[in-house]
Amino acid sequence: YQRRVHGYNIVFHSFKIRDMENNKCLFEVDGDKEPEAGENQSQVATHPSVDDDPEAAVRTIRYNFASDFLKCKTIGTKLVFSVGEKPVPNFRMIERHYFKEKLIKSFDFAFGFCIPNSTNSWEAIYDLPELTKEEEAEIIANPFATKSDSFYFVDGELVMHNKAEYGYNA
């Protein structure tokens, strides 16, 4: 999972998503550890085919979640990352979620200042939009039509843009 942001040497080490109502882990990846035997492979994130667009494939990840994920009201995400020798002022993430190119929800999180040569954790709490049964069925029937863009800024300058695609198994 380790992903570097050049210039500031920001390295993403781990990422976890949990249901805030029952604290159940919905997804976890840790680039610093080997996956455990018998790990739930349906949760494994993958990259789309590089044949489509090699540059986008490198910065795009596909998640496969159980359809129960769509019933969550509030989730928490935790990102653990380290920074290099340069200070990272005003670290901020803007994330936008779409279904079939229609904006569903937008989030704006400010981490603030990151001390040089430090390891940091960033937890964000998301209130998810309530879906009708029809919307939920349509999202399940259209794997990877739900997408997100995550924009990372340092002191107002865009330093990274990641994309994600989501599938929900019925």
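Here, residues in each chain are numbered from 1, in the same order as that chain's written sequence. Residue-level local features of this predicted model are given only where pLDDT is at least 70; pairs of side-chain atoms are given and counted only at 80 or more, and the full residue set underlies all totals for whole chains, interfaces and linings. In computing side-chain properties, one takes all heavy atoms of the structure into account and sets aside hydrogens as well as water.

## Observations concerning unusual backbone geometry
Link 1 in the chain: Despite not being glycine, Lys100 shows a phi value in the positive range, around 50 degrees.
Link 2 in the chain: Counting from the N terminus, the helices are DSSP H or I runs at least four residues long and the strands are E runs at least two residues long. With respect to the helices and strands, Lys100 occurs in the loop between strand 6 (88-99) and strand 7 (102-114).
Link 3 in the chain: Unusually for a residue other than glycine, Phe144 sits at a positive phi of about 70 degrees.
Link 4 in the chain: If you trace the backbone, Phe144 turns up in the loop between helix 2 (133-141) and strand 9 (146-154).

## Comments concerning the sheet that holds strand 7
Link 1 in the chain: The strand order 4-10-9-6-7 describes an open sheet built from five strands, whose pairing is mixed. The open sheet terminates on both sides in strands that have one partner only, identified here as strand 4 (60-66) and strand 7. For this sheet the average axis-to-axis angle between neighbouring strands, irrespective of direction, equals 20 degrees.
Link 2 in the chain: The criterion for strand pairing is that DSSP finds at least two bridges linking the strands in question. Examined bridge by bridge, strand 9 and strand 10 (residues 157-169) share nine bridges and lie antiparallel to one another. Across the sheet, the residue bridging to Ser148 is Ala164, located in strand 10. Helix axes are fitted only over the stretch in contact, all axes being lines through C-alpha atoms; the angle between N-to-C directions runs from 0 to 180 degrees.

## A word on the pattern of salt bridges
Link 1 in the chain: Salt bridges are defined by distance alone: a side-chain nitrogen of Lys or Arg within 4 Å of a carboxyl oxygen of Asp or Glu. Under the definition given, this model contains seven salt bridges.
Link 2 in the chain: Ionic pairing is found between Arg18 and Glu123, a salt bridge with its closest N-O pair at 2.5 Å. With Arg18 in strand 2 (residues 10-19) and Glu123 in strand 8 (residues 119-127), the pair connects residues that are 105 residues apart, well separated along the chain.
Link 3 in the chain: Think of it in three bands: with a 1.4 Å probe and only protein chains considered, a residue is buried below 20% of the maximum accessible area for its type, exposed above 50%, and partly exposed in between. For Arg18, a relative accessible area of 19% corresponds to the buried category.

## Focus on helix 2
An α-helical turn contains 3.6 residues, so any two residues separated by three or four positions project in the same direction.
Link 1 in the chain: All of the buried residues along helix 2 are Glu136, Ile139 and Ile140. Along the long axis of helix 2, the arc covered by the buried residues comes to 100 degrees, so they all point the same way. For helix 2, the exposed residues set more than 90 degrees away from the buried face come down to Glu134 and Ala141.
Link 2 in the chain: Here a residue-residue contact requires only that any non-hydrogen atoms of the pair lie within 4.5 Å. Its buried side turned inward, helix 2 meets strand 6, strand 9 and strand 10. Think of the arc as the fan of directions from the helix axis to the C-beta atoms.

## A short note on the nonpolar core
Link 1 in the chain: Ranked by internal contacts, the top residues of the largest apolar core, which has 36 residues, are Ile10, Phe81 and Phe91.
Link 2 in the chain: Beyond its immediate sequence surroundings of up to four residues, Phe91 is in contact with Ile10, Phe81, Ala110, Phe111, Gly112, Cys114, Trp122, Tyr152, Phe153 and Val154. To define a nonpolar core, start from buried Ala, Val, Leu, Ile, Met, Phe, Trp, Tyr and Cys residues and group those joined through side-chain atoms within 4.5 Å.

## Some thoughts on the packing of aromatic side chains
Each pair of aromatic rings is reported with the distance of its centres and the angle of its planes.
Link 1 in the chain: Here the aromatic set is Phe, Tyr and Trp, taking the six-membered ring for Trp, and pairing holds for ring centres within 6.5 Å; pairs whose planes are under 30 degrees apart are stacked, those over 60 apart are edge-to-face, and all others are tilted. Within the structure shown, the criterion is met by 20 aromatic pairs.
Link 2 in the chain: With a centroid separation of 5.6 Å and 15 degrees between ring planes, the pair formed by Tyr63 and Tyr166 is classed as stacked. Of the two residues, Tyr63 sits in strand 4 while Tyr166 sits in strand 10, which places them 103 residues apart along the sequence. Each member of the pair, Tyr63 as well as Tyr166, is classed as buried.
Link 3 in the chain: Ring plane angle 75 degrees and centroid distance 5.3 Å describe the contact between Phe81 and Phe111, whose orientation is recorded as edge-to-face. Taken together, the residues Phe81 in strand 5 (residues 74-82) and Phe111 in strand 7 connect sequence positions 30 residues apart.
Link 4 in the chain: According to the relative accessible area criterion, Phe81 is buried, its value standing at 0%.
Link 5 in the chain: On the basis of relative accessible area, Phe111 is assigned to the partly exposed category, the value being 25%.
Link 6 in the chain: Ring-pair connections join several aromatic residues into one group, and the members of that group are Phe15, Phe27, Tyr63, Phe65, Phe69, Tyr166 and Tyr168.
Link 7 in the chain: Only Lys NZ and Arg CZ are tested; either one counts as a charge over a ring when it is within 6 Å of the ring centre and within 35 degrees of the ring normal. One residue, Arg62, lies across the ring of Phe144, its end atom 4.5 Å from the ring centre.

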